[in-house]
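Residue strings, one per chain:
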Amino acid sequence: MPTFDNPVEDAMEASAALRGLAHATRTFDNPAETYPVLGELLAGVRSLRQVLDQLAAAHTDAGSQPAGATAALAAADELHQAGTLLDTVHERVDAAMSQSGRIAWQRAPDPFDATDATRATVQAGELRLTVWPDVPLGEHQRYAYRIENPAAGQSVEGRDLFTGVGAPVSPERALRELAVFLSAAGDARQFAIDHPGQHTDNDGAFPDWVADAARQHADAFTELIDHDPNLPEKPGGRRWVSVVFLQGEEADQVLDIIEREGTDAAIEHLTGYDFGEETTQAALENGYVYDQPPTGALDRTATGDVYTLIYSPFLGHVSLLRTHDAVPDPALLDIDTLAPAPARRTVERAPVRAGRAEATDWFARGPGTSASSGRGLAL
């Protein structure tokens, strides 16, 4: 503890404290702690500046012999120069602290703990699956997962299982979605065996031993996918997948169609963005799946067979959803040919699959956003 009146003892304690700080700062378990440490260092630099000035003054007042007085003045001058240099140190540390305070550090994921109540585990054939909530990525909920083959002593973990947006998804629901990916990997493995030299999009999503186990126990994964007691019952058991989301000038074109010809014509136009099973798989992989069509206070809705149209003339956006288990048939809406679409608009970034390397862009845009401007509120 500082004495506040014994310079020698307090100097020894300050030296020991700095040695301890040098040891403690070799690693940071929580990077956010760098900010308060910088704050304390800044205060320490101010105090050290004051100490140097006071030591210089003490040397100036001391010494009566000519030789001693000369050395004392030289020491005082050096101490004053050191204090001047500390002014620059203070400015640099202060600037560093200001920049550090702007960082929104992400909390590191907790270590795997099978007893955690937020985790869920299930056995599917040879594989034991465990999922737990992870740090969200943008508006997307994200789960981490662990896949184990206890008999063979094999395991793999990942942090890129996206489970949707909006209300929190239960771990049991996340298990079901992981089973969807594993079932697809098993199907891809079987296809590779049946068609040597040919590949599918699901090749390599998981290690071979995982894909083989999923292929060999396909019935177990089908049962897991079909049985979801935590999924709220909806009329007809339906869920919706996003077909397209437009805003800006692209949305203005559709809003003009609605104004001139009505919502049925707008739905007919937007079905040109629907690529059937490909659209469904992209929505499942990226989390654009909803138990109810997502609407806001200023949104309007319209339905046409398997499609739901959501639009807002006030905010300037338009989206089309389809029931996830429905394969679009142009005849359902009396459409002879699907309206041509310039490009897929379901998502604007590459799909993220479970089992792939973790995404590193923490500032990616949301689903299907468009940079074009148009009608709508200016914020």
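It should be emphasised that the depicted structure is a prediction, and the values quoted were computed from it without experimental measurement.

So, the overall build of the protein chain
Each helix and strand in the protein chain was counted, giving 9 helices and 9 strands. Burial status across the protein chain gives 35% buried among its 379 residues. Look at the contacts in the protein chain between residues 6 or more apart in sequence, and 64% of them connect residues 24 or more apart. About 21600 Å² of surface is accessible on the protein chain, with carbon and sulfur atoms providing 55% of the total.

Considering the pairing of strand S5 (residues 240-247)
When you tally the buried positions in S5, you get 6 out of 8 residues, the bulk of the element. Pairing analysis gives 2 bridges linking S5 to strand S6 (residues 289-290), with the strands arranged antiparallel. Bridge assignment links Val241 to a residue of S6, and that residue is Val289. Where S5 lies against strand S9 (residues 317-323), 7 bridges are found, and the strand directions are antiparallel.

Quick word on the packing of helix H4 (residues 171-194) against helix H5 (residues 208-216)
With their axes 7 Å apart at the nearest point, H4 and H5 run at an angle of 90 degrees to one another. Between H4 and H5, the crossing angle belongs to the class labelled roughly perpendicular. Taken together, the residues of H5 that come into contact with H4 (itself represented by Leu182, Ala185, Gly186, Arg189, Gln190 and Ile193) are Asp208, Val210, Ala211, Asp212, Ala214 and Arg215. Residue composition of the contact of H4 with H5, by class: 6 nonpolar, 2 polar and 4 charged.

A few points about the side chain of Asp274
Structurally, the position occupied by Asp274 is in the loop between helix H8 (263-270) and helix H9 (277-286). A polar atom in the side chain of Asp274 sits 2.9 Å from the side chain of Tyr307. Within polar-contact distance, the side chain of Asp274 engages the side chain of Arg322 at 2.6 Å.

Regarding the sheet that holds strand S7 (residues 300-304)
The sheet built from 5 strands is open, its strands ordered S6-S5-S9-S8-S7 with antiparallel pairing. The open sheet has two edge strands with one neighbour each: S6 and S7. Along the sheet face, H8 touches S5, S7, strand S8 (307-312) and S9 and points at about 110 degrees away from the line of S8. Across the sheet, H9 is in contact with S5, S6 and S9; its angle to S5 comes to roughly 90 degrees.

Topic: the packing of helix H7 (residues 249-261) against H8
In a pair of packed helices, the angle between the axes and the distance between the axes together describe the arrangement. The interhelical angle for the contact between H7 and H8, taken along N-to-C directions, is 145 degrees, at an axis separation of 7 Å. Here Val254, Ile257, Ile258 and Glu261 of H7 lie close against H8, whose contacting residues are Thr263, Ala265, Ala266, His269 and Leu270. Residue composition of the contact of H7 with H8, grouped by class: 6 nonpolar, 2 polar and 1 charged.

Overview of the packing of aromatic side chains
On inspection of all chains with the given rule, the structure shows 1 aromatic pair. Each ring, one from Tyr145 and one from Phe206, has its centre 6.4 Å from the other, and the planes form 65 degrees; the classification is edge-to-face. Of this pair, Tyr145 sits in strand S3 (residues 141-149) while Phe206 sits in the loop between H4 and H5; the two residues are 61 residues apart in sequence, bridging distant segments of the chain. There is no split in this pair, since Tyr145 and Phe206 are both buried. One cation-aromatic arrangement involves Arg119 over Trp132; the distance from NZ or CZ to the ring centre is 4.3 Å.

So, unusual backbone geometry
If you check the backbone angles, Phe4 has positive phi at about 70 degrees while not being a glycine. Phe4 gets classed as exposed once you look at its relative accessible area, which sits at 74%.

With respect to the nonpolar core
Counting residues in hydrophobic clusters, the biggest one holds 25 residues, and the most contacted among them are Leu129, Val131, Leu182 and Phe206. Looking at this core, the element that brings in the most residues is H4, giving 7 residues. For Leu129, the residues in contact, after removing those within four places along its chain, are Ala120, Thr121, Val122, Arg146, Ile147, Leu175, Leu178, Leu182, Phe221 and Leu224. Core analysis: the second largest hydrophobic core is formed by 20 residues, Val244, Leu246, Ala251 and Tyr273 among them.

Rules used in this analysis
Counting starts from 1 at the beginning of each chain's written sequence and moves along it residue by residue. Under the rules for a predicted model, residues below a pLDDT of 70 receive no local features and side-chain atom pairs below 80 are neither given nor counted, while totals for whole chains, interfaces and linings still include all residues. Think of the side-chain values as coming from all heavy atoms in the structure, minus any hydrogens and water. Only DSSP runs of H or I covering at least 4 residues are called helices, and only runs of E covering at least 2 are called strands; the numbering of each starts at the N terminus. Buried residues are those whose accessible area, probed at 1.4 Å on protein chains only, stays under 20% of the maximum for their type, while exposed residues exceed 50% and partly exposed ones sit between those limits. The contact criterion used throughout is that any non-hydrogen atoms of two residues lie within 4.5 Å. Reported accessibility uses the Shrake-Rupley method at a 1.4 Å probe radius. Residues are deemed covered only where the shown protein chains occlude them. By the convention used here, strands pair only if DSSP detects at least 2 bridges between them. Angles run from 0 to 180 degrees between N-to-C directions of axes, and those axes are lines fitted to C-alpha atoms, restricted for helices to the stretch in contact. Note that the term roughly parallel is reserved for angles under 35 degrees, roughly antiparallel for angles over 145, roughly perpendicular for angles of 65 to 115, and oblique for everything else. Put simply, Ala, Val, Leu, Ile, Met, Phe, Trp, Tyr, Cys and Pro go in the nonpolar bin, Asp, Glu, Lys and Arg in the charged bin, and everything else, Gly too, in the polar bin. Each polar contact in these results corresponds to two N or O atoms within 3.5 Å; when the atoms are within protein, one needs to be able to donate a hydrogen and the other to accept it, and residues that are neighboring in sequence are counted only if both atoms are side-chain atoms. The rule is short: rings of Phe, Tyr and Trp, with Trp giving its six-membered ring, pair when the centres are within 6.5 Å, and they are stacked under 30 degrees, edge-to-face over 60, tilted in between. When the NZ atom of lysine or the CZ atom of arginine is within 6 Å of a ring's centre and also within 35 degrees of its normal, the charge is said to sit over that ring. In these notes, a set of buried Ala, Val, Leu, Ile, Met, Phe, Trp, Tyr and Cys residues joined through side-chain atoms within 4.5 Å is what counts as a nonpolar core.

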